[in-house]
There are 2 protein chains.
Amino acid sequence: MMHDLIGRLFRWAFDNPTLNRMDDQAVLALDSNRIAVSTDSFVIDPLFFPGGDIGELAVYGTVNDVAMCGAKPLYLTAGFIIEEGFSLSDLQTIVVSMRDAAHACGVTIVTGDTKVVNKGKGDKLFINTTGIGIIGHDFVISGSNLQPDDVIILSGSIAEHGIAVLSKREGLTFETSIVSDAAPLHELVQVMIAAGGNGIHAMRDPTRGGVAATLNELASSSHVGIRVIEKAVPVQSAVASACGLLGLDPLHVANEGKLIAAVSPASADRVLAAMRAHPRGANAAIIGSVTAADPGRVQLQTILGSWRILDMPVGEQLPRIC
Amino acid sequence: MMHDLIGRLFRWAFDNPTLNRMDDQAVLALDSNRIAVSTDSFVIDPLFFPGGDIGELAVYGTVNDVAMCGAKPLYLTAGFIIEEGFSLSDLQTIVVSMRDAAHACGVTIVTGDTKVVNKGKGDKLFINTTGIGIIGHDFVISGSNLQPDDVIILSGSIAEHGIAVLSKREGLTFETSIVSDAAPLHELVQVMIAAGGNGIHAMRDPTRGGVAATLNELASSSHVGIRVIEKAVPVQSAVASACGLLGLDPLHVANEGKLIAAVSPASADRVLAAMRAHPRGANAAIIGSVTAADPGRVQLQTILGSWRILDMPVGEQLPRIC
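Residues numbered from 1 in each chain as written. Chains lettered and ligands numbered in written order. Predicted model: local features only at pLDDT ≥ 70, side-chain atom pairs only at ≥ 80, totals over all residues. Heavy atoms only, no water.

**Student:** Looking at this structure, I do not really get the overall build of chain A. What am I missing?
**Tutor:** Looking only at helices and strands, chain A features nine helices and 14 strands. By the compact-globule yardstick of 20 Å for 322 residues, chain A fits well, its C-alpha radius of gyration being 20 Å. Overall size of chain A, expressed as C-alpha extent along the three principal axes, is 65 × 50 × 30 Å. Restricting to contacts in chain A with at least 6 residues of sequence separation, those with at least 24 account for 87%. When the accessible surface of chain A is split by element, carbon and sulfur atoms take 51% of a total near 11,800 Å². (Helix = DSSP H or I, 4+ residues; strand = E, 2+ residues; numbered from the N terminus. Rg over C-alpha atoms; globule rule 2.2 N^0.38 Å. Contact = heavy atoms within 4.5 Å. Areas by Shrake-Rupley, 256 points an atom, 1.4 Å probe, with all protein chains shown as cover.)

**Student:** Is there a simple way to think about the pattern of salt bridges in this case?
**Tutor:** Note on pairing: side chains with opposite charge can pair once their charged atoms come close. According to the stated counting rule, one finds 26 salt bridges over all chains in the structure shown. For Lys-258 of chain A, the salt bridge is made with Asp-181 of chain A, and the minimal N-O distance between the two is 3.2 Å. Here the residue Lys-258 of chain A occupies a position in the loop between helix H8 (237-246) and strand E11 (260-263), and Asp-181 of chain A occupies one in the loop between helix H5 (160-170) and helix H6 (186-196), the gap between them amounting to 77 residues. Note on accessibility: Lys-258 of chain A and Asp-181 of chain A belong to one class, buried. The salt bridge partner of Arg-227 of chain A is Asp-294 of chain A, with a shortest N-O separation of 3.1 Å. With Arg-227 of chain A in strand E10 (residues 225-229) and Asp-294 of chain A in the loop between strand E12 (285-291) and strand E13 (298-301), this pair connects stretches of sequence that are 67 residues apart. By sharing partners, the salt bridges in this structure join Arg-21 and Asp-23 of chain A together with Arg-204 and Glu-217 of chain B into a single network. (Salt bridge = Lys/Arg side-chain N within 4 Å of Asp/Glu carboxyl O. Buried < 20%, exposed > 50% of the residue type's maximum accessible area, 1.4 Å probe, protein only.)

**Student:** Help me understand the interface of chain A and chain B, please; the structure alone is not making it clear to me.
**Tutor:** By a widely used convention, the size of an interface equals the accessible area lost when the partners come together. Taken together, the 57 residues of chain A in the interface contact 57 residues of chain B. Taken together, both faces of the contact between chain A and chain B bury some 4,600 Å²; the carbon and sulfur share is 51%. Scanning the region where chain A abuts chain B turns up six salt bridges. A salt bridge links Lys-115 of chain A to Asp-40 of chain B, with the nearest nitrogen and oxygen atoms 2.9 Å apart. In this structure, the connection of chain A to chain B is made through 35 residue pairs in polar contact (both at pLDDT 80 or more). Among the secondary structure elements, those contributing two or more residues to the side of chain A that touches chain B are strand E1 (26-29), strand E2 (34-42), helix H3 (54-67), strand E5 (72-83), strand E6 (108-117) and strand E7 (125-134) of chain A. With eight residues, the single largest contributor to the side of chain A that touches chain B is E2 of chain A. Taken together, the residues of the side of chain A that touches chain B break down into 22 nonpolar, 20 polar and 15 charged. Where E1 of chain A lies against strand E2 (residues 34-42) of chain B, four bridges are found, and the strand directions are antiparallel. Bridge pairing in E2 of chain B links Leu-28 of chain A to Ile-35 of chain B. (Buried area = accessible area lost by both parts, 1.4 Å probe. Polar contact = N/O pair within 3.5 Å; in protein donor to acceptor, adjacent residues only side chain to side chain. Nonpolar A, V, L, I, M, F, W, Y, C, P; charged D, E, K, R; others polar. Pairing = 2+ DSSP bridges.)

**Student:** What am I meant to see in the pairing of strand E11 (residues 260-263) of chain B here?
**Tutor:** The side chains of a regular strand alternate between both faces of the sheet. Residues and elements named next belong to chain B. Every second residue of E11 is oriented toward a common face, with Ile-260 and Ala-262 on one face and Ala-261 and Val-263 on the other, all of them buried. Summarising the sheet, strand E9 (residues 200-204) and E11 pair through four bridges and their orientation is antiparallel. Directly across from Ala-202, in E11, lies its bridge partner Ala-262.

**Student:** Whenever I open this one, the sheet that holds strand E8 (residues 151-154) of chain B confuses me. Can you help?
**Tutor:** Pairing between the strands of a sheet comes from backbone hydrogen bonds, and it takes one of two forms, parallel or antiparallel. Residue and element names in this part refer to chain B. With mixed pairing, seven strands are arranged side by side in an open sheet as E9-E11-E8-E12-E10-E13-E14. The open sheet has two free edges, formed respectively by E9 and strand E14 (307-309), since each of these has just one partner strand. Looking at each pair of strands side by side, their axes are set apart by 25° on average, direction ignored. Contacts from helix H6 (residues 186-196) reach E9 and E11, with the element oriented near 165° to E9. (Axes fitted to C-alpha atoms, helices over the stretch in contact; angles between N-to-C directions.)

**Student:** Mind showing me how you'd approach H5 of chain A here?
**Tutor:** Given 3.6 residues to a turn, an α-helix orients residues that are three or four positions apart in the same direction. Residue and element names in this part refer to chain A. Among the eleven residues in H5, eight count as buried, and that is most of the element. All of the buried residues along H5 are Glu-160, His-161, Gly-162, Ile-163, Ala-164, Val-165, Leu-166 and Ser-167. Where the residues of H5 are buried, they touch strand E3 (48-49), H3 and H8. Following H5 by one or two positions, Gly-171 adopts a phi angle in the positive range, close to 70°.

**Student:** Honestly, the relation of the copies chain A and chain B in this entry has me stumped. Any pointers?
**Tutor:** One copy of the chain maps onto the other through a rotation about an axis plus a displacement along that axis. For these two chains of identical sequence, chain A goes onto chain B by a turn of 180° and a shift of 0.0 Å along the axis, with RMSD 0.0 Å. Accordingly, the operation relating the two chain copies is best matched by a two-fold axis. No C-alpha of chain A lies nearer the rotation axis than that of Gly-122 of chain A, which sits 2.1 Å from it. Interface overlap between copies: 100% of the residues of chain A at the interface are likewise at the interface in chain B, consistent with a symmetric, same-surface contact. (Least-squares fit on C-alpha atoms with pLDDT ≥ 70 in both.)

**Student:** Help me understand the domain arrangement of chain A in this model?
**Tutor:** Residue and element names in this part refer to chain A. You can read the domains of chain A as domain 1 (2-135) and domain 2 (151-309). Averaged C-alpha coordinates put domain 1 and domain 2 at centres separated by 26 Å. Counting from both sides, the interface comprises 21 residues of domain 1 and, opposite them, 21 residues of domain 2. When the two sides are added together, the surface that domain 1 and domain 2 hide from each other amounts to roughly 1,700 Å², 64% of it contributed by carbon and sulfur. Here domain 1 is connected to domain 2 by zero salt bridges. Summed over the shared surface of domain 1 and domain 2, the number is seven residue pairs in polar contact (both at pLDDT 80 or more). (Domains from an automatic or database assignment.)

**Student:** Looking at this model, I keep getting lost on H6 of chain B. Mind explaining?
**Tutor:** Residue and element names in this part refer to chain B. Taken residue by residue, H6 has His-186, Leu-188, Val-189, Met-192, Ile-193, Ala-195 and Gly-196 as its buried positions. Lining the buried residues of H6 we find helix H3 (54-67), strand E5 (72-83), helix H4 (88-105), E9, E11 and helix H9 (265-276). A positive backbone phi angle near 50° is found at Gly-197, which sits one or two residues after H6.

**Student:** What am I meant to see in the side chain of Thr-214 of chain B here?
**Tutor:** Residues and elements named next belong to chain B. Here Thr-214 is to be found in helix H7 (residues 210-222). Judged by its relative accessible area of 2%, Thr-214 is buried. For Thr-214, the contacting residues outside a window of four places in its chain are Arg-204, Asp-205, Pro-206, Thr-207 and Ile-260.

**Student:** Would you take a moment to explain the confidence of the model for chain A for this structure?
**Tutor:** Predicted coordinates in areas of low pLDDT are best not read in detail. Residue-level pLDDT values for chain A average 95, and 98% of them are 70 or greater. Across the interface, the model reports ipTM at 0.96; the global pTM reads 0.96. (pLDDT = per-residue confidence, 0-100.)

**Student:** I'm lost on the environment of Glu-84 of chain B in this one. Help?
**Tutor:** Residue and element names in this part refer to chain B. Position of Glu-84 among the secondary structure elements: in the loop between E5 and H4. With 61 residues separating them along the chain, Glu-84 and Asp-23 place their C-alpha atoms 25 Å apart. Looking at Glu-84, its side chain comes within polar contact range of the main-chain nitrogen of Lys-119, at 3.2 Å.

Spelled out as structure tokens, the structure:
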């Protein structure tokens, strides 16, 4: 009966002709032969946090991963692993949140799957989403495509998602409320491509491990060095204070609505202006540059002016942040 | 460190140029604009069972769901939710099993994701796979496309997967060992399409809930009746005995390497002959037919000759079977 109820809930919320066919697969006609595919499992704890919930995150997270190569996200699949006894009303809230998030992104949830595990063998709810998008441009945007002298642009202030989730999980209260930045970035990406074209070399959203992890991945994949100016990195003052109290470096804390781009020097001003004209990039800033020297290494000029290595965060500082 | 080890394990096992790019999305060039997409989360307990393991199942299960609309499966994504403390050596065995299964199916695992949850918040390992295939034919194969007078063909003997998993889980031993039928069906599907063309109206693999659940879904989606002859349904004698001992109806027990097809009467003989000539369809049999009467209802002529309603299994008889 539970299964039947859940099935009806999903069909009611995600109602569309492809899903409604209720086959075990979705049949899709695409406008392009070049597609981008991304998958992500969401195990965030707690399920509801300031500024969002797991449903919204499961849509935005995958939409963003698809978008980071410049693709236009179109379709999502959704797989639910539900712990026996999980509140049907919470599930409904989350499913409605997914529906609204998908609608806001212009993506359709075309097929899905539900599994129920015994009590104590899961943790309320895990959601996997896989996204498919089509690629309209003919150049490569990839983490392995950074070039020496590229400019590193960050789309806005950092560490809000991680701090919002942590504060909810640990029952912390700060003077100013900090809300997750969870948001879709595919429109911002399209604006950037329109402005910068093949001057956009790489884009990535700094989620788990934060800006530090993403920059290290990019430096390593592209065999280049990256230099970052700490004071150029936007951090809300409440977030900076919270990080100080918790002993966390904001550069290590997860974001869910920000991106880092590596852009050719010739395109940087145009791309930055286009980003700032878009709501998701209003606080975009140039935070550093790419060097041929020190391949694989990220260096940070601290607020005090000295240089230090900005390492990959050791271990997982904040588990189950997404 | 654990994370790093796991990342290396996946890259070593699934090694291919798309995955190796290590971006958060896979970029794929397709030979067709019409694609099939399917997603499935695998939560099977135990992870290793007679005839297979969760890794193999996660590949075959999704390959089969993609194939059931006649598509040629090409790509898989893989999402892992690992419980803290899960044996790295078991994980390696499973990952190698996925690699071998994917290789056997001619599909590439192009992108993935790993999440680790605290001990007691998962159950060793859950795997989500999402599959993408291309569709080369121009007619519709769908569970909502059954026509009156269609012939119902079953590709082989039933209930082996469910009984194999249950026997392992419950520590049961039978005189004859029963192994899961887990196997990929995409080649059998292509053989069937070559033989039957648009005479193939629907295909579906009877997994959770077995043949009974699948026939009920098909009857309901297509607003037709289905009549099945029980003695025409192939069941291995060891499986029949085990079902008898356990009080299970083999028609309700899960399969992972069988399909049911609804085929026009004119194509049925050709399709059946083609199936029997293929190893995965050697024991294929006509088990029933479609009627305009009694829409949504499946009726079974029992071994004794009387007719009864073959209902959807009530509840989930065998949880975590896939």
